[in-house]
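# Results of the structural survey
Here are the chains, one letter per residue:
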Amino acid sequence: MKSFVHRGQITKVVFGSGTRAGLGGEVEALGRGRALVLCTPGQTAQAREVRGILGALTAGVFDQAAAHTPVAVTGKAVDAARAADADCLVSVGGGSTIGLGKAVALRTGLPHLALPTTYAGSEMTPILGETQGGVKTTRRLPEVLLDTVVYDVDLTLTLPPHVAAVSGLNAMAHAVESLYAQDGDPLAFLTAGEALDALAVALPAILRDPADTEARATALYGAWLAGTCLGTVGMALHHKVCHVLGGSFDLPHAQTHAVVLPHVIAYNAPAAEAAMARIGRALPGPDPAGAFFDFAGGIGAPRALRDLGMPESGIAEAADLVVRDGYWNPRPVHRDAVRDLLRRAWAGEPPSRAASDRSYDPTGARHA
């Protein structure tokens with residue numbers, strides 16, 4: 001048994017069907033009574049429902065949450081919270097809304113509750129990614145850990161299958177990188193493997209029958225586990241690449257994860273044998289990277305960055321940004337390797353078996 005350090009979570013989790021009905025009680029359990037409800041412009045109907053559930057416990061609704069948590073939007077939300085005399089925050093939605101809630105909580109010290117509607121997993125992490133001037137900066141701050149997360153499986157029943165697919169692949173990316181994390185521990189490895197097993201079964205089932213409540217529950221369970229992993233251990237090259245692409249080219253978050261993941265798996269395979277073996281248990285196939293690529297295609301996820309709006313001319317710029325700052329990865333990263341990885345991901349090509357060998361010149365390589 002190797003030595004390890006495990007970081008436990010302090011977030012209260014309520015999981016089940018119809019659990020949103022008890023949201024008011026969770027607000028009161030924190031000793032609060034004026035909740036500002038946060039959402040994106042596309043989720044105002046759900047925010048109105050939450051406002052109705054909270055009743056007199058609602059201070060107002062802020063509906064301008066945006067992808068990659070722009071600092072300018074956060075400023076507006078902070079002003080709205082102060083103007084409403086809010087004493088807590090309730091985020092309704094996915095990673096964009098929950099990210100905004102974290103950013104506001106950091107600046108105001110307000111307690112933060114979430115009602116997730118996707119599989120993003122942000123609600124279980126102390127990670128805050130913010131974008132300013134086209135650059136996305138990610139920090140791990142214990143101050144942004146949520147106080148309470150209420151998972152209501154019923155809210156995911158209307159998540160369109162194609163959205164569930166890419167959101168689920170985003171969660172699987174958290175689990176994959178937890179398997180080879182620098183600060184990994186036995187519990188994180190077990191949790192990540194269970195998350196992959198659950199999502200590998202649930203996502204195709206949702207595609208076959210969007211009304212399959214058991215599959216929806218299994219997917220949300222897997223997403224919770226994956227988010228918990230994301231909150232307890234560090235990530236590596238895959239998340240670095242996706243943060244660069246999202247912040248610099250404004251690519252959609254979950255779709256970007258879906259495209260990039262098989263290529264990073266191929267690159268890291270020779271340096272993460274235990275992780276690759278565990279991936280193979282969840283997704284059997286000739287190799288983990290190819291299995292993931294086929295799995296993503298099989299559930300209708302995008303497989304090319306060019307289809308998400310990334311210009312081919314941005315490949316070199318993105319490779320420079322990925323290797324510019326230190327970021328741990330199980331296999332040292334060379335700019336040429338990142339450029340080749342991005343080129344294949346941009347074109348929608350299968351992950352390269354050549355990336356799995358050790359042919360890249362290590363001169364100038366670094367942990368990305």
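A short tour of the structure in this document, coming up. Computed from a prediction, not measured in an experiment: that's the story for all the values here.

Strand order across the open sheet formed by six strands is S1-S8-S5-S4-S2-S3, with parallel pairing between neighbours. The sheet is open, and its two edges are formed by strand S1 (12-16) and strand S3 (58-62), each paired on a single side. Between one strand and the next, the sheet's axes are offset by a mean angle of 15°, whatever the strand orientation. In this structure, strand S5 (residues 112-116) lies alongside strand S8 (residues 148-152), joined through two bridges in parallel fashion. Bridge pairing links leucine 113 to threonine 148 in S8. Across the sheet, helix H4 (residues 95-108) is in contact with strand S2 (35-38), S3, strand S4 (88-93) and S5; its angle to S4 comes to roughly 165°. Along the sheet, helix H7 (residues 213-232) makes contact with S1 and S8, crossing S1 at roughly 165°.

Turning next to the packing of helix H6 (residues 186-208) against helix H10 (residues 273-282). Closest axis-to-axis distance for the H6/H10 pair is 9 Å, and the angle between their directions is 30°. In terms of their interaxial angle, H6 and H10 are classed as roughly parallel. Crossing hand, H6 versus H10: right-handed. Note on element contacts: H10 touches H6 through Ala274, Ala275, Arg278, Ile279, Arg281 and Ala282, opposite Phe189, Gly193, Glu194, Leu196, Asp197 and Ala200. Considered class by class, the residues forming the contact of H6 with H10 number seven nonpolar, one polar and four charged.

Residue placement: threonine 256 occurs in helix H9 (residues 253-268). C-alpha of threonine 256 to C-alpha of histidine 334: the two residues are 78 residues apart in sequence and 21 Å apart in space. With residues near it in sequence (within four places) discarded, threonine 256 still touches Cys242, Leu245, Leu251, Leu305 and Leu308.

This part takes up the nonpolar core. The biggest cluster of nonpolar side chains holds 85 residues, and the ones touching the most others in it are Tyr119, Met172, Leu245, Phe292, Leu305 and Leu342. Ranked by the residues each element gives to this core, the list is headed by helix H5 (residues 161-179), at ten residues.

Right, let's get into the pattern of salt bridges. Pairs can form between side chains of opposite charge once their charged atoms are near each other. Tallied over the full model, the rule gives eleven salt bridges. A salt bridge links glutamate 26 to lysine 12; its shortest N-O distance comes to 2.9 Å. On the criterion of sequence distance, the pair formed by glutamate 26 in helix H1 (residues 23-29) and lysine 12 in strand S1 is long-range, its members being 14 residues apart. A relative accessible area of 13% means that glutamate 26 is categorised as buried.

This next bit is on H10. Because each turn of an α-helix spans 3.6 residues, side chains separated by three or four positions end up pointing in the same direction. Burial in H10 covers these residues: Ala275, Met276, Arg278, Ile279 and Ala282. Viewed end-on, H10 has its buried residues packed into an arc of 160°, placing them on one side of the element. Opposite the buried face of H10, by more than 90 degrees, sit the exposed residues Glu273, Ala274 and Arg281. In this structure, the buried residues of H10 make contact with H5, H6, H9 and helix H11 (288-298).

Estimated volume of the second largest pocket: approximately 450 Å³. Every residue lining the second largest pocket is counted, 21 residues in all, and those nearest its centre are Lys2, Leu179, Ala181, Gly184 and Asp185. Of all the secondary structure elements, the ones that give two or more residues to the lining of the second largest pocket are H5, H6 and H10. When the residues that make up the lining of the second largest pocket are grouped by side-chain class, the tally is 14 nonpolar, four polar and three charged.

Our focus in this paragraph is the packing of helix H12 (residues 314-324) against helix H13 (residues 335-347). Close contact between H12 and H13 brings their axes to 9 Å; oriented N to C, the two are set at 135°. If you check the angle between H12 and H13, you find them oblique. Here H12 runs over H13; the crossing is right-handed. Of the residues in H13, those in contact with Ile315, Ala316, Ala318, Ala319, Asp320, Val322 and Val323 of H12 are Arg335, Val338, Arg339, Leu342, Arg343 and Trp346.

Here we take up the environment of lysine 240. In this structure, lysine 240 sits in helix H8 (residues 237-249). On the accessibility criterion, lysine 240 (11% relative accessible area) is buried. Once the C-alpha coordinates of lysine 240 and tyrosine 327 are considered, the two residues, 87 residues apart in sequence, prove to be 7.4 Å apart. Here lysine 240 is in contact with Leu321, Val322, Asp325 and Tyr327, once residues within four sequence places are set aside.

Let us look at the pairing of S2. Regular strands have side chains that alternate between both faces of the sheet. Residues Ala35 and Val37 of S2 are buried on one face, and the alternating residues Leu36 and Leu38, pointing to the opposite face, are buried as well. Summarising the sheet, S2 and S3 pair through four bridges and their orientation is parallel. Each bridged residue has a counterpart across the sheet, and for valine 37 the counterpart in S3 is valine 61. The parallel pair S2 and S3 is bridged by helix H2 (residues 44-54), and the resulting crossover is right-handed. Where S2 lies against S4, four bridges are found, and the strand directions are parallel. Bridge pairing in S4 places alanine 35 opposite cysteine 88.

Rules and cut-offs
- Counting of residues starts from 1 at the beginning of each chain's written sequence and follows it residue by residue.
- Totals for whole chains, interfaces and linings use all residues, but because this is a predicted model, local features are given only for residues with pLDDT of at least 70 and pairs of side-chain atoms are given and counted only at 80 or more.
- Calculated side-chain values reflect all of the structure's heavy atoms, with hydrogen atoms and water omitted.
- When DSSP finds at least two bridges between two strands, those strands are taken to pair.
- Strands are runs of DSSP state E lasting at least 2 residues, helices are runs of H or I lasting at least 4, and numbering of each runs from the N terminus.
- Each axis is a line fitted through C-alpha atoms, taken for helices only over the stretch in contact, and angles between the N-to-C directions span 0 to 180 degrees.
- The criterion used for residue contact is that any of the two residues' heavy atoms lie within 4.5 Å.
- In what follows, roughly perpendicular refers to angles from 65 to 115 degrees, roughly parallel to angles under 35, roughly antiparallel to angles over 145, and oblique to any angle outside these ranges.
- Definitions for this section: a left-handed crossing has its near helix turned counterclockwise from the far helix by less than a right angle. A right-handed crossing has that turn clockwise.
- Gly is placed with the polar residues, together with every amino acid not listed as nonpolar (Ala, Val, Leu, Ile, Met, Phe, Trp, Tyr, Cys and Pro) or charged (Asp, Glu, Lys and Arg).
- By nonpolar core is meant a set of buried Ala, Val, Leu, Ile, Met, Phe, Trp, Tyr and Cys residues that side-chain atoms within 4.5 Å join together.
- Throughout this description, buried means an accessible area under 20% of the type-specific maximum (1.4 Å probe, protein chains only), exposed means over 50%, and partly exposed covers the range between.
- Salt bridge, as used here, is a side-chain nitrogen of Lys or Arg placed within 4 Å of a carboxyl oxygen of Asp or Glu.
- Note that the arc is computed from the directions linking the helix axis to the C-beta atoms.
- In this analysis, the protein atoms alone were mapped onto a 1 Å grid. Cavities are point sets where a 1.4 Å probe fits without being able to get out; pockets are open sets with protein on both sides within 12 Å along at least five of seven lines; lining residues have an atom within 4 Å of a point.
- Grid points are joined across faces, edges and corners, and a volume is the space filled by probe spheres set on the points.
- A crossover gets the label right-handed when its path from the first strand over the helix to the second runs clockwise, viewed with the strands pointing away from the viewer.

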